[in-house]
Amino acid sequence: MIARELTVTSADGSSLHVEVYGPEGAPAVVLVHGWTCSTRFWDAQTRALAVDHRVIAYDQRGHGGSPEPADRLTGYSTEALADDLEAVLAATLGPGERAVLAGHSMGGMTIMAAARRPVVRQHAAAALLCSTGPSRLTAEALVVPLRPGRVRSRLTRSILGSKAPLGPVTPISKRILKYATMGPASAPDRVDACARIVHACPRAARHGWSRVLAGLDVEADVRELRMPVAVLVGTGDRLTPPRHSRAMAAALPHCTGLVELAGMGHMTPVEAPEAVTAQIRELTLTYLGAKETAKAKETAKARANAEKKHSEEKEEAGA
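Anyway, here's the lowdown on the structure attached to this text.

## Describing the overall build of the protein
- Tallying secondary structure elements over the protein gives 14 helices and 8 strands in all.
- Computed over C-alpha atoms, the radius of gyration of the protein comes to 19 Å, within 12% of the 20 Å expected from 2.2 N^0.38 for 319 residues, which places it in the range of a compact globule.
- In terms of overall dimensions, the protein has a C-alpha envelope of 55 × 50 × 35 Å along the principal axes.
- Here the protein, with 319 residues, has 54% of them falling under the buried criterion.
- Split by element, the accessible area of the protein, about 14,200 Å² in all, is 55% carbon and sulfur.

In structure tokens, the structure reads:
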């Protein structure tokens, strides 16, 4: 894939690395990744959608190609997340141009935090909240196998907020990451891809954003998302369990539907790329008047056939 890269400056002067794919003038999609991830997390969606969409993806501050904020006290906050999304939309979309926003995990929280922002309301035609939640993240997380309560919340906070380096990607580190963030049936190559993305996140950014997420509360902002919003979650999500998504779907003024993917964990765009892409495409078809091209259909069909063949080969090997 060939991308046009640019640097966008946010309200506090922080620089954001932005990548734009696909044909000019095509329906626009803006992809917002989650904590410890990067634009690479959306590679499957970018490949599939850039055939007939203009796909805009950016690295959250401190992730990927976006440096850490200069001020570590004020640079990590939900306000900063909203500022960054506004800056990217203003820099990449023309006057009156609308886009579908898709946010995974902290990316979904970014969209919620920016719900009242004028630039977001001007440009967002619809949104996908994918594997995310608005509050009580450590209290509701199921990473620590204990009963709900202060002990579990404290342990969860200390694990997710650890300052310890993740080190190299190893078989053991992949097993740990798979347990915490992915479904038990996740393919080894997808576990490896997620591990390499997460381990590449700078330790300072990982810790800085963990503190924000531990105290996150954008419950009131969910009700301010006035555009059509779809919600998607894996039933095996330990970081943002389905109860978050069900509550959001009930609170949203215009929820277009709640999709629960059986057996999938928290990393749904990588674990179930076709399902996530289909949700985004459905929103562009409905709310941007996009038309799925023959080439896009052929590409999607070929990819689905390849996935089916890969699954069959794994089953035969297991037998």
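## Brief notes about the sheet that holds strand E7 (residues 229-234)
- Taken in spatial order, the 8 strands make up an open sheet running E1-E2-E4-E3-E5-E6-E7-E8, and their pairing is mixed. With one partner strand each, in any of the chains shown, strand E1 (4-9) and strand E8 (255-261) form the two edges of the open sheet. Averaged over all neighbouring strand pairs, the angle between strand axes comes to 20 degrees, with direction disregarded.
- Across the sheet, helix H2 (residues 78-92) is in contact with E1, strand E2 (15-21), strand E3 (28-32), strand E4 (54-58) and strand E5 (99-104); its angle to E4 comes to roughly 145 degrees.
- The strands touched by helix H3 (residues 106-113) within the sheet are E3, E4, E5 and strand E6 (124-130), with E5 carrying the most contacts at an inclination of about 130 degrees.

## Some details on the packing of helix H7 (residues 171-181) against helix H8 (residues 188-199)
- Here H7 crosses H8 at 95 degrees, and the two axes come no closer than 10 Å. In terms of axis orientation, H7 runs roughly perpendicular to H8. Counted together, Ser173, Lys174, Leu177 and Lys178 of H7 and Val191, Asp192, Cys194, Ala195, Val198 and His199 of H8 form the full contact between these two elements.
- Per-class residue counts for the contact of H7 with H8 are 5 nonpolar, 2 polar and 3 charged.

## Quick notes on the environment of Gly208
- Note on placement: Gly208 falls in helix H9 (residues 203-214).
- A relative accessible area of 10% means that Gly208 is categorised as buried.

## Some words on the pairing of E7
- Of all 6 residues in E7, 6 are buried, a share of seventy percent or more.
- Burial of E7 is two-sided: the residues Val229, Val231 and Val233 facing one way and the residues Ala230, Leu232 and Gly234 facing the other way are all buried.
- As paired elements, E6 and E7 share 4 bridges and run parallel to each other. Residue pairing in the sheet places Ala127 in a bridge with Val229 of E7.
- Where E7 lies against E8, 6 bridges are found, and the strand directions are parallel. When the sheet's bridge partners are listed, Val229 is paired in E8 with Cys255.

## A word on the pairing of E4
- Here E4 lies mainly inside the structure; 5 of its 5 residues are buried.
- In terms of strand pairing, E2 meets E4 through 4 bridges, oriented antiparallel. In the sheet register, Glu19 faces E4, and the bridge partner there is Ala57.
- Across 5 bridges, the pairing between E3 and E4 is parallel. Along E4, the bridge assignment pairs Leu31 with Ala57.

## Describing unusual backbone geometry
- Despite not being glycine, Thr36 shows a phi value in the positive range, around 70 degrees.
- Within the secondary structure layout, Thr36 lies in the loop between E3 and helix H1 (43-49).

## Notes on the pattern of salt bridges
- Enumeration according to the criterion identifies 18 salt bridges in this entry.
- The shortest N-O distance in the salt bridge between Asp83 and Arg117 comes to 2.8 Å. Of this pair, Asp83 sits in helix H2 while Arg117 is found in the loop between H3 and helix H4 (118-123), placing the two residues 34 residues apart along the sequence.
- Note that Arg243 and Glu140 form a salt bridge whose closest N and O atoms lie 3.4 Å from each other. Of this pair, Arg243 sits in helix H11 (residues 242-251) while Glu140 sits in helix H5 (residues 137-140), and the two are 103 residues apart along the sequence.
- Its relative accessible area of 52% is what places Arg243 among the exposed residues.
- Since its relative accessible area comes to 12%, Glu140 is described here as buried.
- A cluster of three or more residues bridged by salt bridges with shared partners is formed by Arg116, Arg121, Asp221, Glu224 and Arg226.

## So, the nonpolar core
- Val18, Val30, Leu85, Leu101, Met112, Val120 and Leu225 are the most contacted members of the largest nonpolar core, which has 47 residues in total.
- The element best represented in this core is H2, accounting for 6 residues.
- Other than its neighbours up to four places away in sequence, Val18 contacts Arg4, Glu5, Leu6, Val8, Ile56, Ala57, Tyr58, Val88 and Thr92.

## Considerations on H3
- Counting buried positions along H3 gives 8 out of 8 residues, so the element sits mostly inside the fold.
- Turning to H3, its buried residues are Met106, Gly107, Gly108, Met109, Thr110, Ile111, Met112 and Ala113.

The rules behind these values
Residues numbered from 1 in each chain as written. Predicted model: local features only at pLDDT ≥ 70, side-chain atom pairs only at ≥ 80, totals over all residues. Heavy atoms only, no water. Helix = DSSP H or I, 4+ residues; strand = E, 2+ residues; numbered from the N terminus. Rg over C-alpha atoms; globule rule 2.2 N^0.38 Å. Buried < 20%, exposed > 50% of the residue type's maximum accessible area, 1.4 Å probe, protein only. Areas by Shrake-Rupley, 256 points an atom, 1.4 Å probe, with all protein chains shown as cover. Pairing = 2+ DSSP bridges. Axes fitted to C-alpha atoms, helices over the stretch in contact; angles between N-to-C directions. Contact = heavy atoms within 4.5 Å. Parallel < 35°, antiparallel > 145°, perpendicular 65-115°, else oblique. Nonpolar A, V, L, I, M, F, W, Y, C, P; charged D, E, K, R; others polar. Salt bridge = Lys/Arg side-chain N within 4 Å of Asp/Glu carboxyl O. Core = buried A, V, L, I, M, F, W, Y, C linked by side-chain atoms within 4.5 Å.

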